[in-house]
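Letter by letter, the chains look like this.
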Amino acid sequence: MVRYFRVSVGKNAQFLAEALAGGWIGTGWLPSHDLTGKFPDNWRDFNAKWVSVIADEDNTNRVAAGLAAGMTYTAGKTIASGDVVLVPTGQGSYRVGKVTGDYLYVKGAALPHRRPVSWLEREIARDELSDDLKRPLRSVGTVVTLGEVAELDEVLGGSNRPLVQVSDDSVENPLSFVLERHLEDFMVANWEHTELAKNYEIFTQDGEQIGQQYPTDTGPIDILATSKDGKEFLVIELKRGRVSDQVVGQILRYMGFINELDPSKTVRGIIIGTDDDQRFRRAISMVPNLEFYKYEVNFKLKKA
C-alpha cells in the first residue's frame, strides 16, 4: 500500500506555484546546511545533532526545534521514492504528487531541502475527505505523516463509496459516537473555557498553535500545552470511552519524549476519557504527575 504525507510549501502555500513548476517539495529549516549524506537511519540521532543548531539559529525553544528537526528528517529521509504527498493549496484543496527521487540541496532557495516530485493532475477537495482524515491534514506542521491510508487510495482511485458510515447496528449510541470523535477539536477550539486554561495554554510557536497532534517517535500527542509561567509541559491524551491501563504506558512514553527534548522543565500528564477501571486506577496511582479527567457528552434540544 502507498504511504501518504502532507507537506506544506511555505505559509499559506507561498511557494506552491514555484513547487508545481519545478516539480519539488521542500523544507526551510537549517537553510545554510547541506544535509546530503547527513541523514542517519535513526531520526533520534539526527535530532541529537541538529535540535540545538535549530534552536540557536532560529532563537527558539528546544521543543519547537525538535519538531522542526523531526519534520526536516521526515521530508529528507523518511519519505521514499514512490510515496505520495498532499500539498495544501491554501484554497481548501490539496495538490497530489508522487516523490520520484532522493534528497537534494538547493543553496540560497527559500526551501532548500528538496525532494523531486511528479505532480498528478488530480486535486483533492477537503470536502471529499472524512472528518478523521481532515484532522491530521489540518495540522500546522509543515510535514505530517499520514501513513497507509485506504481512504486516500479510494479517493485517488475514483471510488464513490461513502467514507464514513455510522449506524445504530454498529455503534451503541451513534449521537455520542459522532460527538466524541470531535472531542480533541472541541477542546482546542474551546480551550479558554476549560479548567486547564487557568494555568496552561496550548503550545504555540510564532503565533501558531503547534501543540495539537504534536509528533513523537511513538505517535502524536493529542494536545501539548505549557504552563503560563513557562516551567512545565502538559501532555494530554484523549480516549473515546473507557480507558485501560495500557494508556498509562502510552502517555508516559510521550512525556519521556518531551522530557528528553527539554529536561529543564517538569512534565505533567492528563488522561481524559469517559470511564476507568480498577487496573487503570492502580496503574495511575503510582505516577504522581499523572491525572485522570472524565468528560461527559450531553446534547439537549429546547423549544425556543
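Everything here concerns the structure above.
Residues numbered from 1 in each chain as written. Predicted model: local features only at pLDDT ≥ 70, side-chain atom pairs only at ≥ 80, totals over all residues. Heavy atoms only, no water.

Draft legend 1. Focus on the pattern of salt bridges. For the coordinates displayed, the defined rule picks out 10 salt bridges. Close ionic contact of Arg 122 with Glu 128 constitutes a salt bridge, the shortest N to O distance being 3.0 Å. A relative accessible area of 27% means that Arg 122 is categorised as partly exposed. With its nearest N and O atoms 3.0 Å apart, the salt bridge here joins Asp 262 to Lys 265. With relative accessibility at 7%, the residue Asp 262 sits in the buried group. On the basis of relative accessibility, which here comes to 23%, the residue Lys 265 falls in the partly exposed class. (Salt bridge = Lys/Arg side-chain N within 4 Å of Asp/Glu carboxyl O. Buried < 20%, exposed > 50% of the residue type's maximum accessible area, 1.4 Å probe, protein only.)

Draft legend 2. Region of interest: the nonpolar core. Tyr 214, Leu 224, Val 235 and Ile 258 are the most contacted members of the largest nonpolar core, which has 60 residues in total. Top element by residues in this core is helix H3 (residues 62-78). It accounts for 9 residues. If sequence neighbours within four positions are ignored, Leu 224 has contacts with Val 63, Ile 202, Phe 203, Gly 211, Tyr 214, Phe 233, Leu 234, Val 235 and Ile 258. (Core = buried A, V, L, I, M, F, W, Y, C linked by side-chain atoms within 4.5 Å. Helix = DSSP H or I, 4+ residues; strand = E, 2+ residues; numbered from the N terminus. Contact = heavy atoms within 4.5 Å.)

Draft legend 3. Broad picture of the packing of aromatic side chains. Applying the stated rule across the entire model yields 9 aromatic pairs. Their ring planes at 15 degrees and their centres at 5.2 Å tell us that Phe 39 and Phe 46 sit as a pair that is stacked. Grouping residues by exposure puts Phe 39 and Phe 46 together as buried. Among the aromatic residues, those joined into a ring-pair cluster are Phe 39, Phe 46, Trp 50, Tyr 73 and Tyr 103. (Phe/Tyr/Trp six-rings, centres within 6.5 Å; stacked < 30°, edge-to-face > 60°.)

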